[in-house]
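# Coordinate inspection notes
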Amino acid sequence: MRPDNAFTHAKTQALCKRDKSSAGTIDARVVGLCDACNISDWLFTTSSCSGRHYLWRGDGVKATAAFARGRVSHDAADAAYFAARDADETREDFRAAPLSPKPDEDGALWLRYEPLILHVRCADADAAAALMRAARTVFKNVGLQASSFGADGACVAVVGDEGLDMPLRDEGGRALFGDAHVPWLVATLNDKHERNWAKTRRFEAALRDEVDALATAREGGVGPAAARLRYDVIGDVAALRRPLAPGEDGAALAAKVLASNSRIKVVVAPPPGEKLAAGAERAPSAAFEHLGGRSRRPLVTTHGEHGVAVVVDLDACFFSPRLATERLRVARAVGRGERVLCLFAGCGAEALIIAATTECERVVAVEANAIATRCLGRSVQALAKRHGAAAAARVEVVTADVLEDLRDRAARGETFDRVLAPRPKG
């Protein structure tokens, strides 16, 4: 089961466009939460803020001519925020120390703290319900912003509850607090930050559980037991995301999965002690356990993603279909004529998609795992058949230790416009 094409198109457009926020990038402390949304086919974020404090003047209503703000920060405050001049502040009327004893000719000055704000587009009512259940484990201000769902879904807003508005100067510009109050002001503000960040982490954890349960249900899970049967579909293989529990009937689980999706021919689970999850390790340490369907060794399958065939040996290579949207987002950022270096490339999904969907000059995939690069070589052959010899010729596959390869390229004076490397996690 897949979302409507209009929703999928809207998601692709939203995640690939330029960030128009004043910061120009996503707040570091909300990256994980946004990832928990965007990893689902049924959700995508349209705007987010991890929480921030700033100074303001005017009538207090944002986006009006009578409102101005400065000294915006998403990080913890220190004494200098209140007691020192900020020469880096872009607005001159906010550069002076907020608590300077000298009256401020600009008049009243306020301090505001805004908590987490998140807007998420949801494909349908079930997806919206999953998001709101997760949010309401932590926050009260959660709601659907439309009375019905269109082909491109509807938006849910989540707003934290750690707000603060307090005056620092009166209408005559006189400071209402002195140096003795600075430690208290810093502690008050940072307490808001810490509480908001802790709630955001709890929200993210709850949302990941809800997203997993939603995905399992949509893939033909086992109802209330869906939380115990989460799997990824890679080509014609369904791979459980955790090992079988002691005494669990693997054959019965496999039968339910096979019956739910005619594309699935094999059902496997990680061996005890392993999970199918992103991590610093780029290959499993042991083969998957066969639960049902055709027994196949090596466990090689061809996964289709964004019009590209990716050959994967699941017993020897790490691959997650949950990163499909991120791979496309990265590819969309590649410009015409760029030289791209993919480090720790694995079976090369990123390199293949870049070669197939962009006008890059060259994309080099470096990976130490020889089985993974053999898979990539087969994928490049498939790329030539579907996208032409020119697309395949742009891909260079290198089997080598990344550090040694980088040293060799540096010695040759070789340069690239863009370097991709997986973020260690786990």
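Let me begin by describing the structure that accompanies this report. It should be emphasised that the depicted structure is a prediction, and the values quoted were computed from it without experimental measurement.

Basis of the calculations
- Residues numbered from 1 in each chain as written.
- Predicted model: local features only at pLDDT ≥ 70, side-chain atom pairs only at ≥ 80, totals over all residues.
- Heavy atoms only, no water.
- Pairing = 2+ DSSP bridges.
- Helix = DSSP H or I, 4+ residues; strand = E, 2+ residues; numbered from the N terminus.
- Axes fitted to C-alpha atoms, helices over the stretch in contact; angles between N-to-C directions.
- Contact = heavy atoms within 4.5 Å.
- Salt bridge = Lys/Arg side-chain N within 4 Å of Asp/Glu carboxyl O.
- Buried < 20%, exposed > 50% of the residue type's maximum accessible area, 1.4 Å probe, protein only.

Next up on the list: the sheet that holds strand 4 (residues 109–114). Here we have four strands laid out as an open sheet, ordered 3-2-4-8, and antiparallel in their pairing. Of all the strands in the sheet, just strand 3 (67–73) and strand 8 (164–169) have a single pairing partner and so form its edges. In this sheet, adjacent strand axes meet at a mean angle of 25° when their direction is disregarded.

This brings us to the sheet that holds strand 12 (residues 289–293). On the basis of which strands lie adjacent, the open sheet formed by four strands has the order 9-10-11-12 and mixed pairing. The open sheet has two free edges, formed respectively by strand 9 (231–234) and strand 12, since each of these has just one partner strand. Ignoring strand direction, the axes of neighbouring strands in this sheet form an average angle of 25°. Judged from the four bridges that link them, strand 9 and strand 10 (residues 237–240) form a sheet pairing that is antiparallel. What sits directly across from V233, in strand 10, is A238. Each of strand 9, strand 10, strand 11 (266–269) and strand 12 touches helix 6 (residues 250–260); the most contacted strand, strand 12, lies at about 50° to it.

Our focus in this paragraph is the pattern of salt bridges. Here the structure, examined in full by the defined rule, presents 31 salt bridges. With its nearest N and O atoms 3.1 Å apart, the salt bridge here joins R195 to E162. With R195 in helix 5 (residues 182–218) and E162 in the loop between strand 7 (154–159) and strand 8, this pair connects stretches of sequence that are 33 residues apart. Taking relative accessible area as the criterion, R195 reaches 42% and is therefore assigned partly exposed. Here E248 ties to R242 by a salt bridge, and the two come within 2.8 Å at their closest N and O atoms.

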